[in-house]
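Single-letter residue listing:
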Amino acid sequence: MAPSDANIHSSSRPQGSSVDAPVPAGAWRALVLATIGFGVNFWAWALLSPLGPIYVERGLTADASLLVALPVLVGSLGRIPVGALTDRFGARLMFPLTTLITVIPVVFLGVVGQYDYATLLVGGFFLGIAGTTFAIGVPYVNSWFPPAKRGMATGLYGVGMGGTAISAFTTVPLLSTIGDVAPFVVAAGALVLFAVVAWLLMRNAPTWEPSRRSIIAQSAAVMKLTVTWQACYLYALSFGGYVAFSVFLPTMLQNWYGLEAADASFRMAGFVIVAVVMRPLGGVLSDRLGASRTLLISYVAVALMALVLTAQPALMPIGTIAFTTMAAGLGLGSGAVFALVSQTTDPSVVGSVTGFVGAAGGLGGFVPPLAMAAIHRVSGSYSLGIALLLLATLGAIAVTVLVARGRSRDIETASG
């Protein structure tokens, strides 16, 4: 029988939960392995972003927006089937398998694909497979930790999105100092090493049970849940905003403030680091204050900074403060959304729900770079694009309030 909103809320609420609930043996090792795997795969997933301006300079394309956004699109949509497959087969199989498959497009791009725009697009398409690993790690970590600590655990797992910072810091220097192939070879080596370690050391949680329903039936069931679509919108804004800025910020800083490519990439890395650091805090605060309150804090911060940036302030200090605070808000929200999923979703369908929510987050990162590029071509400014972000954030605040009210009604019903 397909789960309903009511039984999902009641089945996932901690029974006598406490932030001091014991963590089973092996849970911390599982969290560390999953986080490393997430980071390594995100490193590979983001390889083309810092190289976009270089490919433009080489005359391979006049605009790198589609090139850097394509892996985001594929990695996002791919989370839906990968999340359902994880519910069915477990992360112990899915993580090393998906990581090894990712090696193929990385090597292809490094050796053959980066010298022609068409092959860059082909390689970028399959590079998106790396982004699907997010939907493997969330249900895996969720299954290892008690309900009262799942927000903290999934928040710490989210630190793995810092793999994009590794790409930002290393890709261009490796290409400049060693050669075109170097960043791809190094990333491929890291992927292979993790796949071997994961196969040897990863174990599914003792309480984990594979889903017996077909992938189509499982996906259809979670599509009927209100919380799925609420979390999709919230994550499309928080994580989608993070992905969009991490992909497009170098181009934006170059066009808006005249920065050099290297300087813009390092500033983007700083944006990523702030968001990564704040993500686990979002999970911890969600365990203690509640996910809805934490989300409200994050979205209010993002909305205020978007309002500031619409005026195109000077980069130092106002612009830098605004971008940094926005990164903090987006990171905080990214951690809180999956705390919300953990608190409101039955463990047997967390992977499937994560697939949909993760897809929404990735799609939230795919559309804005293309829209921002189009807006800049027409108006010569990014202010309208930032204003649209402000409107979307106000919508997220409204959705969060609705989620909080629904959660309160569920608790009152259960208590009654």
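Up top is the structure these notes are about.
Residues numbered from 1 in each chain as written. Predicted model: local features only at pLDDT ≥ 70, side-chain atom pairs only at ≥ 80, totals over all residues. Heavy atoms only, no water.

**Topic: the packing of helix H5 (residues 79-89) against helix H6 (residues 91-111)**
Okay, step 1: Two elements in contact, H5 and H6, have axes separated by 8 Å at closest approach and are oriented at 135 degrees. With respect to H6, the axis of H5 lies oblique. Residues Val82, Leu85, Thr86 and Phe89 of H5 form the contact with H6, whose own contacting residues are Ala91, Leu93 and Met94.
Okay, step 2: Tallied by class, the residues present in the contact of H5 with H6 amount to six nonpolar, one polar and no charged. (Axes fitted to C-alpha atoms, helices over the stretch in contact; angles between N-to-C directions. Helix = DSSP H or I, 4+ residues; strand = E, 2+ residues; numbered from the N terminus. Parallel < 35°, antiparallel > 145°, perpendicular 65-115°, else oblique. Contact = heavy atoms within 4.5 Å. Nonpolar A, V, L, I, M, F, W, Y, C, P; charged D, E, K, R; others polar.)

**Here's the deal with the packing of aromatic side chains**
Okay, step 1: Taken as a whole and judged by the stated rule, the model has 19 aromatic pairs.
Okay, step 2: Ring centres of Phe38 and Tyr157 lie 4.7 Å apart, and the angle between their planes is 20 degrees; on these two criteria the pair is classed as stacked. Here Phe38, found in helix H2 (residues 27-45), pairs with Tyr157, found in helix H9 (residues 150-157); they are 119 residues apart in sequence, far enough to count as distant. The burial state of Phe38 is the same as that of Tyr157; both residues are buried.
Okay, step 3: Their ring planes at 10 degrees and their centres at 6.1 Å tell us that Phe134 and Phe239 sit as a pair that is stacked. Of this pair, Phe134 sits in helix H8 (residues 134-144) while Phe239 is found in helix H13 (residues 226-257), placing the two residues 105 residues apart along the sequence.
Okay, step 4: The exposure class of Phe134 is buried, given its relative accessible area of 0%. (Phe/Tyr/Trp six-rings, centres within 6.5 Å; stacked < 30°, edge-to-face > 60°. Buried < 20%, exposed > 50% of the residue type's maximum accessible area, 1.4 Å probe, protein only.)

**Comments concerning H2**
Okay, step 1: Counted at 1.5 Å a residue, the expected span for H2 with its 19 residues is 27 Å, and the 26 Å between its end C-alpha atoms agrees.
Okay, step 2: Most of H2 is tucked away, with 15 of its 19 residues classed as buried. (Expected span 1.5 Å × (residues − 1).)

**Considerations on helix H15 (residues 291-309)**
Okay, step 1: Its 19 residues place the ends of H15 27 Å apart at the C-alpha level, agreeing with the 27 Å of an ideal helix rising 1.5 Å per residue.
Okay, step 2: Buried within H15 we find Ala291, Ser292, Thr294, Leu295, Ser298, Tyr299, Val302, Ala303, Met305, Ala306 and Leu309.

**Regarding unusual backbone geometry**
Okay, step 1: The omega torsion across Met316 and Pro317 is 0 degrees, close enough to zero to call that bond cis.
Okay, step 2: Here Gln312, not a glycine, exhibits a phi torsion of approximately 45 degrees, which is positive.
Okay, step 3: Note on placement: Gln312 falls in the loop between H15 and helix H16 (315-344).

**Quick word on the nonpolar core**
Okay, step 1: With 116 residues, the main nonpolar core has Tyr242, Phe245, Met252 and Phe323 as its most contacted residues.
Okay, step 2: For this core, the element with the most residues is H13, which contributes 17 residues.
Okay, step 3: When neighbours within four sequence positions are excluded, Phe323 is seen to be in contact with Phe245, Leu249, Met252, Leu253, Tyr257, Phe271, Leu309 and Leu315. (Core = buried A, V, L, I, M, F, W, Y, C linked by side-chain atoms within 4.5 Å.)

**Quick look at the pattern of salt bridges**
Okay, step 1: Considering all chains together, one arrives at two salt bridges under this definition.
Okay, step 2: Among the ionic pairs, Asp180 bridges to Arg58, the shortest N-O distance being 3.0 Å. Of the two residues, Asp180 is situated in the loop between helix H10 (163-177) and helix H11 (182-201) and Arg58 in the loop between helix H3 (48-57) and helix H4 (65-77); the sequence distance between them amounts to 122 residues.
Okay, step 3: Its relative accessible area of 39% is what places Arg58 among the partly exposed residues.
Okay, step 4: Measuring nitrogen to oxygen at the nearest pair gives 3.2 Å for the salt bridge that ties Asp263 to Arg267. On the criterion of helical spacing, the pair formed by Asp263 and Arg267 is a turn pair, its members being four residues apart in helix H14 (residues 261-289).
Okay, step 5: A residue is classified by how much of its surface remains accessible, and Asp263, at 30% relative accessible area, is partly exposed. (Salt bridge = Lys/Arg side-chain N within 4 Å of Asp/Glu carboxyl O.)

**Some details on the packing of H15 against H16**
Okay, step 1: Across the interface, H15 lies against H16 with an axial gap of 8 Å and an inter-helix angle of 155 degrees. Considered as vectors, H15 and H16 are oriented roughly antiparallel to each other. As for the relative orientation of H15 and H16, their crossing is left-handed in sense.
Okay, step 2: Split by residue class, the contact of H15 with H16 holds 20 nonpolar, seven polar and no charged. (Left-handed = near helix turned anticlockwise from the far one by under 90°.)

**So, the side chain of Asn41**
Okay, step 1: In this fold, Asn41 is placed in helix H2.
Okay, step 2: Classification of Asn41 as buried rests on a relative accessible area of 0%.
Okay, step 3: Residue contacts for Asn41: discarding those within four places in its chain leaves Phe95, Thr99, Thr102, Ala130, Thr133 and Leu191.

**A look at the environment of Ala236**
Okay, step 1: Topologically, Ala236 is positioned in helix H13.
Okay, step 2: Sequence separation of Ala236 and Ala359 is 123 residues, and the distance between their C-alpha atoms is 8.2 Å.
Okay, step 3: Setting aside residues no more than four positions away along its own chain, Ala236 makes contact with Gly241, Ala360, Gly361 and Gly364.

**Notes on the environment of Val284**
Okay, step 1: Within the element layout of this structure, Val284 appears in helix H14.
Okay, step 2: With near-sequence residues (within four places) excluded, Val284 lies in contact with Gly151 and Met152.

**Details of a nonpolar patch on the surface**
Okay, step 1: A cluster of nonpolar side chains, namely Phe89, Leu93, Leu97, Leu100, Ile101, Val192, Val196, Trp199, Leu200 and Leu201, defines an oily patch on the protein surface of about 870 Å² accessible area.
Okay, step 2: Elements with a minimum of two residues in the nonpolar patch: H6 and H11.
Okay, step 3: Positionally, Val192 belongs in helix H11. (Patch = residues over 30% accessible without salt bridge, like charges linked within 9 Å, V, L, I, M, F, W, Y side chains within 5 Å. Areas by Shrake-Rupley, 256 points an atom, 1.4 Å probe, with all protein chains shown as cover.)

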